Amino acid sequence: MAVLVQNGLRRAIDSGHLKTALPQTIEIERPREKSHGDWASNIAMILAKEARQPPRAVAETIIENLDKPDYLAEVEIAGPGFINFRLSSKWLSDSLAQICELGDAYGRSKVENPQKIQIEFVSANPVGPMHVGHGRWAAVGDSLARLLKAVGHQVESEFYINDWGNQMRIFGASVAARYREILGEALELPEDGYQGHYITDIAQEIVDADGDKYLRLKPEDQAEEFSKRAYKQVLEHIKKTLTEMDVSFDSWFSESSLHESGKLGESLEFLDQKDLTYRSEGALWLKTVDFGDDKDRVLMRANGQTTYFAADIAYHKEKVERGFDKLINIWGADHHGYVKRVQAAMTAMGAGDNRLEIIIGQLVNLFSGGKAVRMSKRTGEMVTLDELLTDVGRDASRYYFLMRGTDTPLDFDIELAKSQTSENPVYYVQYAHARICSILRHAADQKLTPIGKKANFSLLAHESEMALMRELADAPSIIARAAAARAPHRLTKYSQDIAAAFHQFYHQCRVVSDDEDLSFARLTLVDATRQVIKNVLWLIGVSAPQKM
RNA sequence: GCGCCUGUAGCUCAGUUGGAUAGAGUGCCGGACUACGAAUCCGGAGGUCGAAGGUUCGAAUCCUUUCAGGCGCACCA
């Protein structure tokens, strides 16, 4: 379409009717208002000043020089100088035929510059069960990965396991304290210890398996032993929960492996050789200020221990070495203060300014019957993702997590989700899919099945049929834009738009009727709708049921 | 004090990167099943896009100021 306008424009300029330069880009957009056609261009208004002509006159000149291909039904000037294009029914028929032909692949596309992208998300600390907030990043990250693949990128998802440092020690000590309590000793929880009930559960499992075998060890050695053992258990649990959510990771990367393999030391040395570090007050610092941070950051403490930041640098260096063009990290808003220093470190390492893309997602606020639920891992006062999945279900949870943009906080009311699940739009969309399957079953009873491209699409001329076909034809561009904007939540909106267009069509047009040709055409349209709903729901990670 | 995010219908939120009369859902009022699923559809009421300036043909969108809310400002991870 843009090319069409460009050609017309060039002709207008070449012939001297328009005194202006050919613009770099010509914007073509879909008007909000249906009466404004299928596509519209604002180019005349942009050029009006330079051409020293009123916008409408410019538009007229452009239209006079325009080709008229058969997919175009009408071109008109509207409002202050918009050029509106109305597509012919042939164009809609063609896109319908394309859906039939491509099936599950419909909606996918090929970006101009396919990249090798790594997307890292969730990365929950393996010291307890995942909470509801993790669920949001699991849903968003997994859908984004699917979305990026759908537009032709090579995508690898990764879970970073923070299995090193203070928290692991405290975790082990907490389990050890509960272990001793079960075996009759007085409870002495470590400072800042974890208090969730699952800690006791883990301790109980150890008692059940090995009895009081560890009781003779010193408390520090118990903690050491248990942190390794318990963390594996917790990690398995995390994996299981993610599987239940239908979220899968291509790789699991362990923080402690950076320490053990020496990669951490190597990256410190690397920075040192580039003269980016210095010693002060007994600690080793990185000159992050030189790269946009507010202050320099400590890599190694005065006590000789490296910081989490140092490990993260090694981690990101390793990622770059693995050859990704783009690294996407999804972090909760409580980590946004950390963005600058990691970006600074990336720049310092010479990884390129745009290599790392950090998506900061606002947090999930949990409510129960309108009252805020306080969550704390330390005190164990929390609602786990498992509980949520059991209560609300996978489909509703994933859809709900995805309905809002990531930079808006998500209020999740458990009671509302439990008691009024029919209000959740996911059912509206799934119902449309189930209804279609029902229609297809009914048609099969009448010995009718959709016949794909061979159907006579010119019979689909009703207003609601055209609207539905237009909606379906949008899929590739909606998906492409959602991927580019890293905005999987747009898919939920789109899925509702398709369902709405279908339900409207359903109420106005009878699909299976005495008119066999019309029935074939409408069955094909209905089947194409089913296909598109299914494809979009798959990107969201929600099932498309045949019955409900 | 500094930084990031957010203020849009009674409520929960979209708004396709600056377009035309700002849209959904929910709630409220009123309608539609003797044919393919009423978990559906149709109609109505409901707005100073937090506020004030600015940029331009044109602003919810960009800039400045300001008010309100959330989050963050470690030799924790």
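Whatever comes next refers back to the structure up there.
Cut-off values and rules
- Residues numbered from 1 in each chain as written.
- Chains lettered and ligands numbered in written order.
- Predicted model: local features only at pLDDT ≥ 70, side-chain atom pairs only at ≥ 80, totals over all residues.
- Heavy atoms only, no water.
- Pairing = 2+ DSSP bridges.
- Helix = DSSP H or I, 4+ residues; strand = E, 2+ residues; numbered from the N terminus.
- Axes fitted to C-alpha atoms, helices over the stretch in contact; angles between N-to-C directions.
- Contact = heavy atoms within 4.5 Å.
- Salt bridge = Lys/Arg side-chain N within 4 Å of Asp/Glu carboxyl O.
- Buried < 20%, exposed > 50% of the residue type's maximum accessible area, 1.4 Å probe, protein only.
- Patch = residues over 30% accessible without salt bridge, like charges linked within 9 Å, V, L, I, M, F, W, Y side chains within 5 Å.
- Areas by Shrake-Rupley, 256 points an atom, 1.4 Å probe, with all protein chains shown as cover.
- Lys, Arg positive; Asp, Glu negative; His and termini not counted.
- Charge placed at Lys NZ, Arg CZ, Asp CG, Glu CD.

Draft legend 1. Highlighting the sheet that holds strand E6 (residues 154-161). Spatially, five strands are ordered E7-E6-E5-E11-E12 in an open sheet, and the strand pairing comes out parallel. Strand pairing shows two members of the sheet lacking a second neighbour, strand E7 (251-254) and strand E12 (356-361), which therefore form its edges. On average, adjacent strands in this sheet sit at an angle of 25° to one another, irrespective of strand direction. Sheet strands in contact with helix H5 (residues 132-150) are strand E5 (116-120), E6, strand E11 (326-332) and E12, and its direction is about 160° off that of E11. Sitting on the sheet, helix H11 (residues 308-321) is in contact with E5, E6, E7, E11 and E12, with an inclination near 160° to E6.

Draft legend 2. Fine view of the sheet that holds strand E9 (residues 283-286). With respect to topology, three strands assemble into an open sheet ordered E8-E9-E10, the strand pairing being antiparallel. Taken across any chain shown, the strands that pair with only one partner, and hence form the sheet edges, are strand E8 (277-280) and strand E10 (297-300). Here the average twist between neighbouring strands, direction ignored, is 45°. Pairing between E8 and E9: four bridges, direction antiparallel. Residue pairing across strands places Thr 277 opposite Leu 286, the latter belonging to E9. Here helix H10 (residues 263-273) sits on the sheet in contact with E8, E9 and E10, set at roughly 125° to E10. Of the strands in this sheet, E9 and E10 touch H11, which is tilted by about 80° from E10.

Draft legend 3. Main features of the pattern of salt bridges. Applying the stated criterion to the full structure yields 28 salt bridges. When the shortest N-O distance is used, the salt bridge between Glu 74 and Arg 86 registers 3.7 Å. With Glu 74 in strand E3 (residues 72-78) and Arg 86 in strand E4 (residues 82-87), this pair connects stretches of sequence that are twelve residues apart. Given the relative accessible area of 27%, Arg 86 is considered partly exposed. Taking the shortest distance from any N to any O, the salt bridge between Glu 185 and Arg 180 comes out at 3.9 Å. Assessed through its relative accessible area of 39%, Glu 185 is described here as partly exposed. What emerges from the salt-bridge pattern is a single network uniting Asp 142, Arg 146, Asp 246, Arg 394, Asp 395 and Arg 398.

Draft legend 4. The arrangement of a negative patch on the surface in detail. A grouping of Glu 266, Glu 269, Asp 272 and Asp 275 is seen on the molecular surface, where their side chains present a negatively charged patch. Relative to the elements of secondary structure, Glu 269 occurs in helix H10.

All quantities given are derived from atomic positions and should not be read as evidence of function.
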